[in-house]
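Here is how the chains run, residue by residue.
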Amino acid sequence: KQEVTQIPAALSVPEGENLVLNCSFTDSAIYNLQWFRQDPGKGLTSLLLIQSSQREQTSGRLNASLDKSSGRSTLYIAASQPGDSATYLCAVRQLGDTPLVFGKGTRLSVIA
Amino acid sequence: GAGVSQTPSNKVTEKGKYVELRCDPISGHTALYWYRQSLGQGPEFLIYFQGTGAADDSGLPNDRFFAVRPEGSVSTLKIQRTERGDSAVYLCASSLNPTSGGGSYNEQFFGPGTRLTVL
């Protein structure tokens, strides 16, 4: 059974810092991996989707990498801003299956 | 264009009552998913529809939970004899075609969720 772990559970950084969020998964037979953002009391906003054949995806200040063989992904946020404060969730989709398996998330606070 | 919408946004009910939660997917999306998110946890899969049929309902916790999608668009999640442990945020997502070869077709887009509280 696929398990997704996100470290750290919570992170607080001063504005302007570059930071890395980590995601690991136990079964490397994945189809893709998605990073989401969730604001308090809100739904999920898709940030980046990486197909299993890809190594990374970039959107603005965000860069997500995927190392499928080692079961790891990282989300890099450059020049963090207070508006980046939210919970970041990592989710994987297995081969031949469609539901996403989520980690518990990393709660990020960017202090002005 | 319009995203995934869910109604109601909040639902408070008493233990033992019946509730229905509604999801309107993005127009043209053939796949629809229901997830449940408890406080401090990531979403957990409940059921997935491809068109009108439930392709995978392995995540439904027990037979009190049931979902339908009669016309391949709007879906309703139904919970009978609610229990306090059913309290959670129920999330709905849709995607274009989860079985296609790649690209953005299998990217899932989520609605804002329905917060269910069972007293």
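Here the structure is shown first, and the text comes after it.
Here's what I pulled together on the structure shown here. Quantities reported herein were computed from a predicted structural model and do not represent experimental measurements.

Moving on: the state of the cysteines. In the structure shown here, the tally under the stated rule is 2 disulfides over all chains. Bridging A:C23 to A:C90, the disulfide has an S-S length of 2.0 Å. In this structure the cystine formed by A:C23 and A:C90 twists about its S-S bond by roughly -60°; its chirality is therefore left-handed. Taken together, the residues span a long stretch of sequence, with A:C23 in strand 3 (residues 19-25) and A:C90 in strand 9 (residues 86-94) at a distance of 67 residues. Take A:C23: its relative accessible area is 2%, and that puts it in the buried class. There is a disulfide in this structure between B:C23 and B:C92, and the S-S distance comes to 1.8 Å. One disulfide, between B:C23 and B:C92, carries an S-S torsion of -65° and so falls in the left-handed class. One end of the pair, B:C23, is in strand 3 (residues 19-24); the other, B:C92, is in strand 9 (residues 88-95), and 69 residues separate them in sequence. Neither residue differs from the other here; B:C23 and B:C92 are each classed as buried.

What follows is about the environment of B:A54. All names here are of chain B. With respect to the helices and strands, A54 occurs in strand 6 (residues 53-56). For A54, a relative accessible area of 45% translates into the label partly exposed. Linking A54 and G85, residues 31 residues apart in sequence, is a C-alpha distance of 24 Å. Discounting chain neighbours no more than four positions away, the residues touching A54 are I47, Y48 and F49.

Attention now goes to the interface of chain B and chain A. In this complex, chain B contributes 24 residues to the contact, which on the side of chain A involves 21 residues. Both faces combined, the contact of chain B with chain A buries some 1600 Å², and carbon together with sulfur accounts for 49% of it. Here chain B is connected to chain A by 0 salt bridges. Counting every contact that joins chain B to chain A gives 4 residue pairs in polar contact (both at pLDDT 80 or more). Mapped onto the side of chain B that touches chain A, the elements with two or more residues apiece are strand 4 (31-37) and strand 5 (44-50) of chain B. Examining the composition of the side of chain B that touches chain A, we find that 3 residues originate from one element, strand 4 of chain B, more than from any other. The residue makeup of the side of chain B that touches chain A, split by class, is 9 nonpolar, 12 polar and 3 charged.

Reading guide: rules and limits
- Residues numbered from 1 in each chain as written.
- Chains lettered and ligands numbered in written order.
- Predicted model: local features only at pLDDT ≥ 70, side-chain atom pairs only at ≥ 80, totals over all residues.
- Heavy atoms only, no water.
- Disulfide = S-S within 2.5 Å.
- Helix = DSSP H or I, 4+ residues; strand = E, 2+ residues; numbered from the N terminus.
- Buried < 20%, exposed > 50% of the residue type's maximum accessible area, 1.4 Å probe, protein only.
- Contact = heavy atoms within 4.5 Å.
- Buried area = accessible area lost by both parts, 1.4 Å probe.
- Salt bridge = Lys/Arg side-chain N within 4 Å of Asp/Glu carboxyl O.
- Polar contact = N/O pair within 3.5 Å; in protein donor to acceptor, adjacent residues only side chain to side chain.
- Nonpolar A, V, L, I, M, F, W, Y, C, P; charged D, E, K, R; others polar.

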